[in-house]
Amino acid sequence: MLIVIPEDFLTLNDGSLQFLACVENLMTATYEGNHYVLFEKPLVARDIATNCKISERSRAALLNSAVSSRGHIALINLVKKYPRIVSFKGKKCNPSLQCSNSAEIDLTLFENASNVLPCKLLCEDSQDGKIYVEYFNAILKLENKAIPADIKFNILHGGGSRTPQIYKEEFNLNSLVLCIVDNDSKEPDGKGNYWTKLQSVGECNYAKFRVVCGHEIENSIPISMLSDICISTDNTALYKIVLKSVESNLIFHLYLDFKKGIVKKELRKLPHAYRRDLVNFLINGCALDSSLFSCLKEKCADS
């Protein structure tokens, strides 16, 4: 995870062993490549190394971070929010640089040994988590080819319906955690299964949740890739036509269930109004023969 240290960070130093232990843990995470620490003013890293009794390994990590900061501080402009350590046990420093996209966190978070590890990424399924990690790093690489290494995550398997409960547990443990769940809705206005439960837990600057826009993670994958991996058990020719047609319509792309292939039996399970709009789009917007969708126009049996 990207973590930023402000220029007056050392004003938080109260001379306690607790402060030194937190700095040591943060630098251990940096040394092991679990977090990516940037200094707004690289000279601050040298001051910490000089004035704090930390291990030689942590001292080396500090100085390496200082060097990296000179070339990569612009990375903070690529993200909507990034953690910025501005307090210790409630005492706040007063950074001269005001950053609207920073999320203020307390150094004591790094008393928690689990936060020395990569940020936790909680998904309903560990495979979903792996795909998101690939997405994150691919996007970062596209935005800035100078990024030195992939951002690491500790992927947690939510076990489907237990995901909100696990998020609550991590939240209460002061863990650095991001929870991402599928919408699971079959139409644009649906909130999905987990929205209310996650909302009841809430968020803070070190724990966030996101409900993806779309039915499942596959709905974020480009159609050109889906056409190679989706298998239809119904009319293969029709499936390919529909898949190609919805490519130009984001609403249908996001809410169709691609995992089971686009088959008539599954299309009949869509909410009636949404199914009607899809059929009208395919017939009128894509000039497809209406006879292909005769059993989808009105309510009909699933056989």
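Our structure is the block above this text.
Residues numbered from 1 in each chain as written. Predicted model: local features only at pLDDT ≥ 70, side-chain atom pairs only at ≥ 80, totals over all residues. Heavy atoms only, no water.

Caption draft 1: Geometry of the overall build of the chain. Along the backbone of the chain there are 11 helices and nine strands. Among the 303 residues that make up the chain, the fraction classed as buried is 48%. Across the chain, contacts joining residues at least 24 apart in sequence account for 71% of those joining residues at least 6 apart. For the chain, the accessible surface area stands at approximately 15,300 Å², while carbon and sulfur atoms represent 53% of it. (Helix = DSSP H or I, 4+ residues; strand = E, 2+ residues; numbered from the N terminus. Buried < 20%, exposed > 50% of the residue type's maximum accessible area, 1.4 Å probe, protein only. Contact = heavy atoms within 4.5 Å. Areas by Shrake-Rupley, 256 points an atom, 1.4 Å probe, with all protein chains shown as cover.)

Caption draft 2: Molecular detail of the side chain of Asn34. Mapping Asn34 onto the fold places it in the loop between helix 1 (17–31) and strand 2 (36–39). Asn34 sits in the buried class, given a relative accessible area of 8%. In terms of polar contacts, Asn34 uses its side chain to reach the side chain of Glu32, at 3.2 Å. Excluding its chain neighbours within four sequence positions, the residues that come into contact with Asn34 are Met1, Ala29, Val116, Leu117, Pro118 and Lys152. (Polar contact = N/O pair within 3.5 Å; in protein donor to acceptor, adjacent residues only side chain to side chain.)

Caption draft 3: A look at the packing of aromatic side chains. Within this structure, the stated rule accounts for eight aromatic pairs. Pairing Phe9 with Phe19 gives two aromatic rings, centres 5.8 Å apart and planes at 35 degrees, and the pair type is tilted. Separated by 10 residues along the polypeptide, Phe9 in the loop between strand 1 (2–5) and helix 1 and Phe19 in helix 1 bring together distant segments of the chain. A relative accessible area of 2% places Phe9 in the buried class. For Phe19, a relative accessible area of 0% corresponds to the buried category. Of the aromatic side chains, those joined through ring pairs into one cluster are Tyr167, Phe171, Trp195, Tyr206 and Phe209. (Phe/Tyr/Trp six-rings, centres within 6.5 Å; stacked < 30°, edge-to-face > 60°.)

Caption draft 4: Region of interest: the pattern of salt bridges. On inspection of all chains with the given rule, the structure shows seven salt bridges. With a closest N to O distance of 2.7 Å, Arg84 and Glu40 form a salt bridge. In this pair, Arg84 is assigned in strand 3 (residues 82–88) and Glu40 in the loop between strand 2 and helix 2 (43–51), connecting sequence segments 44 residues apart. Note on accessibility: Arg84 and Glu40 belong to one class, buried. Where Glu170 meets Lys120, a salt bridge forms, and the shortest distance between an N and an O atom there is 2.7 Å. Here Glu170 is found in helix 5 (residues 163–172), whereas its partner Lys120 is found in strand 6 (residues 119–123), with 50 residues between them in sequence. Note on Glu170: relative accessible area 11%, which makes it buried. (Salt bridge = Lys/Arg side-chain N within 4 Å of Asp/Glu carboxyl O.)

Caption draft 5: Examining unusual backbone geometry more closely. Located in the positive-phi region is Lys89, a residue other than glycine, with phi close to 50 degrees. Mapped onto the elements, Lys89 comes out in the loop between strand 3 and strand 4 (91–92). A positive phi angle is found at Asn174, which is not glycine, with a value near 60 degrees. On the secondary structure map, Asn174 appears in the loop between helix 5 and strand 8 (177–181).

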